[in-house]
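Observations on the three-dimensional arrangement
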Amino acid sequence: DDLHDNGDVSLNIKVRVMPMCWYVLQRLFVRVDNVCVKCREVRYFCLFSDRGGRGVKGVELNTIYRDISWREASWEELRQNYLPTDVSAWREGAMTMPGMPPLAALLNKLPPVPLPDDIPEFSCCDMS
């Protein structure tokens, strides 16, 4: 990244494959010290087996579902939302300060921002 000692950027992808489905979480985390914190998440889910007819209500077989969420706050908005303004609280992979929630919990508390008009929040693609 080009932030050097002025922030952090990371892209994490977690994949979970189970006997009946798979799930992917992709998270882009950006912190520019004393300026802003951003989190862009995309979740994918696909049910590829309906063993025993115990399907999930409203979920079609062999359809990939996508959910997108964007969250961000300026440093001033962190204060207004009673979130930590200490840079060390927003470090990924670092030990959290005593009494401070882990980074993933903090990211979920960031205020959501509207997606651009050309990006639907929810979508699906039938792969059959």
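Preceding this section is the structure that the text describes.
For the structure given in this document, a descriptive report is provided here. (Residues numbered from 1 in each chain as written. Predicted model: local features only at pLDDT ≥ 70, side-chain atom pairs only at ≥ 80, totals over all residues. Heavy atoms only, no water.)

1. Topic: the overall build of the protein
Looking only at helices and strands, the protein has two helices and five strands in total. In sequence order, the protein lays out its α and β elements as β-β-β-β-α-α-β. Counting the 128 residues in the protein, one finds 29% classified as buried. Long-range pairs, those at least 24 residues apart, make up 54% of the contacts in the protein between residues at least 6 apart in sequence. When the accessible surface of the protein is totalled, it reaches about 8300 Å², and 54% of it is carbon and sulfur. (Helix = DSSP H or I, 4+ residues; strand = E, 2+ residues; numbered from the N terminus. Buried < 20%, exposed > 50% of the residue type's maximum accessible area, 1.4 Å probe, protein only. Contact = heavy atoms within 4.5 Å. Areas by Shrake-Rupley, 256 points an atom, 1.4 Å probe, with all protein chains shown as cover.)

2. A look at the side chain of Ser10
Along the chain, the position of Ser10 falls in strand S1 (residues 7–17). Given a relative accessible area of 14%, Ser10 falls into the buried group. Ignoring anything within four residues of it in the chain, the contact list for Ser10 reads Arg27, Leu28, Phe29 and Glu92.

3. Notes on the nonpolar core
Counting 14 residues, the largest nonpolar core has Val37, Trp75, Leu78, Leu83, Trp90, Leu107 and Leu110 as its most contacted members. Elements supplying a minimum of two residues to this core: strand S3 (36–47), helix H1 (75–80) and helix H2 (103–109). With three residues, the top contributor of residues to this core is H2. Those residues in contact with Leu107, other than ones at most four positions away along the chain, are Arg27, Phe29, Val37, Cys39, Arg71 and Trp90. (Core = buried A, V, L, I, M, F, W, Y, C linked by side-chain atoms within 4.5 Å.)

4. Things to note about the packing of aromatic side chains
On inspection of all chains with the given rule, the structure shows zero aromatic pairs. Note that Arg40 overlies the ring of Trp70, its terminal NZ or CZ placed 4.1 Å from the centroid. (Phe/Tyr/Trp six-rings, centres within 6.5 Å; stacked < 30°, edge-to-face > 60°. Lys NZ or Arg CZ within 6 Å of the ring centre and 35° of its normal.)

5. Describing the state of the cysteines
A complete count under the given rule lists zero disulfides for this structure. With no disulfide of its own, Cys125 lies closest to Cys124 among cysteine sulfurs, the gap being 7.7 Å. (Disulfide = S-S within 2.5 Å.)

6. Here's the deal with the sheet that holds strand S2 (residues 21–32)
Strand order in the open sheet formed by five strands is S1-S2-S3-S4-S5, and the pairing between neighbours is antiparallel. At either margin of the open sheet sits one strand with a lone partner, and together these are S1 and strand S5 (122–126). Ignoring strand direction, the axes of neighbouring strands in this sheet form an average angle of 10 degrees. Across 11 bridges, the pairing between S1 and S2 is antiparallel. Bridging across to S2, Asn12 finds its partner in Arg27. (Pairing = 2+ DSSP bridges. Axes fitted to C-alpha atoms, helices over the stretch in contact; angles between N-to-C directions.)

Nothing here speaks to function; it is all geometry.
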